[in-house]
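Listed below, chain by chain, are the residues.
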Amino acid sequence: MNSSLRLLLLGGLQIKLDGTEVEGFVSRKAQALLAYLAVSGRSHLREALAGLLWSEATAKRAAGNLRVILSNLRQLLPDHVSINRQSVALHPEQSYWSDAAAFAQKVRSALAPNSGRPLPGAAVAELKEALSFYQGDFLAGFHLRGAQGFDEWASLERERLHGLAMQALHHLVEYHSERGGYADGIRFAKSLLALEPWREETHRQLMRLLALGGQRSAALAQYETCRRLLEQELGLEPLEETTALYEQLCEQELPRLGRERDAPAPDLTLPFVGRGDEYTQLLSWWEAAGRGQGGLALLEGEAGVGKTRLAQEVLRCAATRGAVILQGRCYEFGGSLPYQPIADALR
C-alpha cells in the first residue's frame, strides 16, 4: 500500500507522511528541496539543484552538500524520492499532495471556463474550497541562507499564489454583491483587504456593501480606515470616487434591499464625467493599434485626478468591442519583483 505524503506550504512549511509530521531533516534546505520538487512536479538535474540551494558556494562544495541532503531524503522518504546520478524528482507513482498545487488548480478550474461570464454556483463553491487551503503566503516565515536562487523562486511562487487568492476573493465579492448577499460580500471584501489593505477599490466596495446591508455607521468608519491607511502608508488622499461615496453616505442612508439572494444590487458607481478629450484620444490610439500602429500610452498626474477611472472606462469600452484585457499592477512600496506587472498581466 502506498504511503501518502502531504506538504502544507501556504502559511509556513509542514511535511506529513501518513498523517504524521516528518522529523529528522538534516537541514532546512532538505525541506526546501522537497517543497521545490513537489511544486515543480518534475525532475531536475543535480547541478541545477545544487546551484539553487547554494548560490554562493563553489560547484564542488554545492555538489557535496547536495549529496548529504539527498542521502537524508532517501532515508526519510525512500518510497517517494527518485534519485539517480543525473537527476532528482518525487516518484510519480507515489501519492503526494500539496496545498499550494491544490489551491492553484481549483482557482484556475473555477475561473478559466467562465472568463468574462457570470460565475455559476459550482465555480463559486470551488473558489470557496480553494480559499480554505490558502492559510497564508507561500512558505511564510521560511528563509534560507546563501540560497538566492531558491529565494527568488519562492518569491515568484508567493506572488503568483497571492495573485490567485486576490482573483478568487474579487470574484466572490462581485458574485455576492450582484445577488444581494451582503454578509458574504462583506466577509470576502474584508479578506481581500487583509491581503492588500491599500486596495482603494475594495474599500469602496466594502463601504457600499456595509451601507446596503444596513450598517451605515460601519460604512462611514470604513472610509476613515481607508483615508488613514492611505495617508500613513502612502502619503495620499482618497480618490474623488471614494470621497464622493463617503459624502453620499453622510447625506442619506441607502435603502436596505430585501433578503432575496437573487436581488441585484443597485449600481452605485458614480457617473464618468470630464476627461472627454483624454478618453477619446486613448480610444483612438487603441483603434490605431488594431490597424497595426501599436504604441504605449502613459497616464500621469497627481493623486486623485481620476487616472484610474479614466483607464477603467477606456478598458471597459475596449472590452465591449471584443478586446482581451491583460492587467497587472505594482506598488513602489511593495518591494515588487522586476517586471511584476508584466508577469501579472500574462498570468
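Structure: see above.
In short, a report on the structure. (Residues numbered from 1 in each chain as written. Predicted model: local features only at pLDDT ≥ 70, side-chain atom pairs only at ≥ 80, totals over all residues. Heavy atoms only, no water.)

## Description of the overall build of the protein
When helices and strands are tallied, the protein shows 13 helices and seven strands. For the protein, buried positions account for 40% of its 347 residues. In the protein, once contacts between residues fewer than 6 apart in sequence are set aside, the share between residues at least 24 apart is 64%. Carbon together with sulfur atoms contributes 50% to the accessible area of the protein, which is approximately 19,500 Å² in total. (Helix = DSSP H or I, 4+ residues; strand = E, 2+ residues; numbered from the N terminus. Buried < 20%, exposed > 50% of the residue type's maximum accessible area, 1.4 Å probe, protein only. Contact = heavy atoms within 4.5 Å. Areas by Shrake-Rupley, 256 points an atom, 1.4 Å probe, with all protein chains shown as cover.)

## A look at the packing of helix H1 (residues 28-40) against helix H6 (residues 148-178)
Close contact between H1 and H6 brings their axes to 12 Å; oriented N to C, the two are set at 45°. Between H1 and H6, the angle is such that the two are oblique. As for the relative orientation of H1 and H6, their crossing is left-handed in sense. Contact residues: Ala-32, Ala-35, Tyr-36 and Val-39 in H1; Phe-150, Trp-153 and Glu-157 in H6. When grouped by side-chain class, the residues that make up the contact of H1 with H6 number six nonpolar, no polar and one charged. (Axes fitted to C-alpha atoms, helices over the stretch in contact; angles between N-to-C directions. Parallel < 35°, antiparallel > 145°, perpendicular 65-115°, else oblique. Left-handed = near helix turned anticlockwise from the far one by under 90°. Nonpolar A, V, L, I, M, F, W, Y, C, P; charged D, E, K, R; others polar.)

## Some details on the sheet that holds strand S7 (residues 95-98)
If you trace the four strands from one edge of the open sheet to the other, you get S3-S2-S1-S7, paired in mixed fashion. Looking at strand neighbours, the two that pair on one side only are strand S3 (20-21) and S7, the edges of this open sheet. Strand direction decides the pairing type here: strand S1 (residues 4-8) and strand S2 (residues 14-17), joined by four bridges, are antiparallel. Its bridge partner lying in S2, Leu-7 is registered against Ile-15. Taken strand by strand, H1 contacts S1, S2 and S7, and its axis lies near 100° from that of S1. (Pairing = 2+ DSSP bridges.)

## Observations concerning the sheet that holds strand S6 (residues 87-90)
Picture the strands of a sheet paired through backbone hydrogen bonds; they go either parallel or antiparallel. Taken in spatial order, the three strands of this open sheet run S4-S6-S5, and their pairing is antiparallel. Two strands bound the open sheet, and with one partner strand each, they are strand S4 (44-45) and strand S5 (81-83). Note that S4 and S6 share two bridges and pair antiparallel. Counterpart to Leu-45 in the pairing with S6 is Ser-87. Each of S4 and S6 is contacted by H1, which is oriented at about 75° to S6, the strand it contacts most.

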